[in-house]
Amino acid sequence: MWVIKIGGSWIKNANLKKLVKLLANIKNQNLIIVPGGGIFADAVREASKLNNLSEHKSHFLALKSTEIFGHMIKSFEQKIHVTKSIDNFKVKNLWLPSKILKNEKNFKKNWESTSDSVATWLYSKIFASGLIFVKSISLGTGKSYDIKTLQKNKILDSNLDYYLKKKKNIKIIGPEIIDLLESKEDWDNLIRKLNILKYEK
């Protein structure tokens, strides 16, 4: 089982539906999709500033914004199972985080904990083979990236390393994932072509 974080910026990507279809049709591999917030989260940020909402309340609304994107993804592919739990995953899943994370004491409820942190928290809590970040920015294939460097460049959020614990099988890929999935390669071969995220405390 792999956790796959689809960045909210994919909301504006013309290949979003294709990405979802390709992921749903992967054979012999259980997946858990964690959606980003994108323009929906941006709306929460704006509303929060205009109405002086607390960071805690704003964070909860931001979590809900990822769920809007999640239901959008679900509308593209009926094979995907939507769940709020972390213990009843099926073959292809989409996780809605607000119910659990609202009261999770060990999850930092601020703007630095984006959906990147949500996906990393989930990865740390379940038995999963790895975590894949799917971004909109082109990152190539078969490369190695340092998590701290990507955090400094605002490609990954600044809190996610807090949730990593000892689990470090993390990959990152950009729009190149479409070509990789369309090649219909064996899953293990596909994983080897993804970029590796390295992290040292």
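What counts, and where the lines are drawn
- Residues numbered from 1 in each chain as written.
- Predicted model: local features only at pLDDT ≥ 70, side-chain atom pairs only at ≥ 80, totals over all residues.
- Heavy atoms only, no water.
- Axes fitted to C-alpha atoms, helices over the stretch in contact; angles between N-to-C directions.
- Helix = DSSP H or I, 4+ residues; strand = E, 2+ residues; numbered from the N terminus.
- Parallel < 35°, antiparallel > 145°, perpendicular 65-115°, else oblique.
- Left-handed = near helix turned anticlockwise from the far one by under 90°.
- Contact = heavy atoms within 4.5 Å.
- Nonpolar A, V, L, I, M, F, W, Y, C, P; charged D, E, K, R; others polar.
- Buried < 20%, exposed > 50% of the residue type's maximum accessible area, 1.4 Å probe, protein only.
- Polar contact = N/O pair within 3.5 Å; in protein donor to acceptor, adjacent residues only side chain to side chain.
- Phe/Tyr/Trp six-rings, centres within 6.5 Å; stacked < 30°, edge-to-face > 60°.
- Lys NZ or Arg CZ within 6 Å of the ring centre and 35° of its normal.
- Salt bridge = Lys/Arg side-chain N within 4 Å of Asp/Glu carboxyl O.

## Let's talk about the packing of helix α2 (residues 38-51) against helix α3 (residues 55-76)
At a closest axis distance of 8 Å, the pairing of α2 and α3 adopts a crossing angle of 155°. As far as their axial angle goes, α3 and α2 are roughly antiparallel. As α2 runs across α3, the sense of the crossing is right-handed. Residue-level inspection shows F40, A41, V44 and S48 of α2 in contact with α3, the latter providing S58, L61, A62, S65, I68, F69 and M72. Along the lines of polarity and charge, the residues of the contact of α2 with α3 split into eight nonpolar, three polar and no charged.

## Re the side chain of S113
Structurally, S113 is set in the loop between α4 (98-101) and α5 (115-125). S113 gets classed as buried once you look at its relative accessible area, which sits at 4%. Among the polar contacts made by the side chain of S113, one reaches the side chain of N159 at a distance of 2.8 Å. Beyond its immediate sequence surroundings of up to four residues, S113 is in contact with H59, F107, K108, D157, N159 and Y163.

## What to know about the packing of aromatic side chains
Per the counting criterion, the structure on display carries four aromatic pairs. Note on F107 and Y163: the rings are 4.8 Å apart at their centroids and 20° apart in plane angle, and the pair reads as stacked. Note that F107 is positioned in the loop between α4 and α5 and Y163 in the loop between α6 (147-152) and β7 (170-173), a separation of 56 residues in sequence. Pairwise contacts between aromatic rings join F107, Y162 and Y163 into one cluster. Positioned above the aromatic ring of F60, the side-chain terminus of K102 is 5.1 Å from the ring centre. The ring centre of Y162 lies 4.2 Å from the NZ or CZ of K108, which sits over that ring.

## Quick notes on the environment of I177
Checked against the element boundaries, I177 lands in helix α7 (residues 177-182). Given a relative accessible area of 5%, I177 falls into the buried group. With 134 residues separating them in the primary sequence, I177 and A43 have C-alpha atoms 28 Å apart. When neighbours within four sequence positions are excluded, I177 is seen to be in contact with W10, L19 and V134.

## A closer look at the pattern of salt bridges
Counting across every chain of the model gives seven salt bridges. Between E77 and K21 there is a salt bridge, with its nearest N and O atoms 3.4 Å apart. Note that E77 is positioned in the loop between α3 and β3 (81-83) and K21 in helix α1 (residues 16-24), a separation of 56 residues in sequence. The shortest N-O distance in the salt bridge between K193 and E185 comes to 2.4 Å. A relative accessible area of 35% places K193 in the partly exposed class.

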